[in-house]
Structures are given as structure tokens and as C-alpha cells.
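A closer look at the structure
Residues per chain, in single letters:
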Amino acid sequence: MAQSVRRFPALTLNTDGHTHPRENTLVGLTVIFGLVAFISAGFYNLHLLSSWAGLGGIVTGLWGQFISVTTAERFVIVIALAMSVIGFGMGLAHGGLWG
């Protein structure tokens, strides 16, 4: 009998075998907001973008943490939430939400 060998673990957020479309959508939104906030925080004149994207990432990240089901979802959300907080803080330091 042939044995199947998996060389790479499956990269999925649904480690419990069930689909979680709402939770995975919040994870994706938090990652997008976090990346935008973190990258744009490095530019002084993009403080509006970094602060609003950071605020959006914080809101979606906290809500995602509240309703997350699997550890993989929580892991990704915490990293993206940290990027959102850094981008939000730097955006506030460079000029704030309203310029």
C-alpha cells in the first residue's frame, strides 16, 4: 500500500476543517489595512492614509479577535493588528486624522 507524503503543510486559516468566511474576511481586511498603514507610515506626507488605514485595521482586527475560531486566524490577526497600531501611531504623530 502506497503511503502519501506531504512535504509542505497546508497554508490555511481553517485548521479545524470548517469554512469560516466571515472570520477569514476580517483577517484579510486586517492584513490589508495593516500593510497599508505600516508602509505609508514611513512617509511623512501620507499621515492621513496611515492614520485612517491604521484605525480601520485596529477596528477590524479587534473584531476579528473577538469572533475568531482557530489559532491560525488569531496568529495572523495579532501580527496585522500590531502593524495597524504602529501605522496609526505614526500617522497621528505626523499630523493626525484630519491633517
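Remember, predicted model here, so these are calculated numbers, not experimental data. (Residues numbered from 1 in each chain as written. Predicted model: local features only at pLDDT ≥ 70, side-chain atom pairs only at ≥ 80, totals over all residues. Heavy atoms only, no water.)

Here we come to the pattern of salt bridges. Summed over all chains, the structure comprises one salt bridge. The residue glutamate 23 makes a salt bridge to arginine 22 at a minimum N-O spacing of 3.6 Å. (Salt bridge = Lys/Arg side-chain N within 4 Å of Asp/Glu carboxyl O.)

By the element assignment, serine 68 lies in the loop between α2 (47-67) and α3 (71-94). Here the side chain of serine 68 touches arginine 74 through a polar contact of 3.0 Å, side chain to side chain. Setting aside residues no more than four positions away along its own chain, serine 68 makes contact with Glu23, Glu73 and Arg74. (Helix = DSSP H or I, 4+ residues; strand = E, 2+ residues; numbered from the N terminus. Polar contact = N/O pair within 3.5 Å; in protein donor to acceptor, adjacent residues only side chain to side chain. Contact = heavy atoms within 4.5 Å.)

Its 21 residues place the ends of α2 30 Å apart at the C-alpha level, agreeing with the 30 Å of an ideal helix rising 1.5 Å per residue. Residues of α2 that are buried include every one of His47, Ser50, Ser51, Ala53, Gly54, Gly56, Gly57, Ile58, Thr60, Gly61, Gly64 and Ile67, and no others. Lining the buried residues of α2 we find α1 (21-40) and α3. (Expected span 1.5 Å × (residues − 1). Buried < 20%, exposed > 50% of the residue type's maximum accessible area, 1.4 Å probe, protein only.)

Scanning the entire structure with this criterion turns up two aromatic pairs. Ring geometry for tryptophan 63 and phenylalanine 66: centres 5.4 Å apart, planes at 40°, overall tilted. Of this pair, tryptophan 63 and phenylalanine 66 both sit in helix α2, three residues apart, which is roughly one turn of that helix. (Phe/Tyr/Trp six-rings, centres within 6.5 Å; stacked < 30°, edge-to-face > 60°.)

Geometry of a packed helix pair, given as the angle between the helix axes and the separation of the axes. At a closest axis distance of 8 Å, the pairing of α1 and α2 adopts a crossing angle of 150°. Taken together, α1 and α2 sit at an angle that is classed as roughly antiparallel. Considering only the axes of α1 and α2, their crossing is left-handed. Between α1 and α2, the contacting residues are Arg22, Glu23, Leu26, Leu29, Thr30, Phe33, Val36, Ala37 and Ser40 on the first element and Leu49, Ser50, Ala53, Gly54, Gly56, Gly57, Thr60, Gly61, Trp63, Gly64 and Ile67 on the second. Classifying every residue of the contact of α1 with α2 gives nine nonpolar, nine polar and two charged. (Axes fitted to C-alpha atoms, helices over the stretch in contact; angles between N-to-C directions. Parallel < 35°, antiparallel > 145°, perpendicular 65-115°, else oblique. Left-handed = near helix turned anticlockwise from the far one by under 90°. Nonpolar A, V, L, I, M, F, W, Y, C, P; charged D, E, K, R; others polar.)

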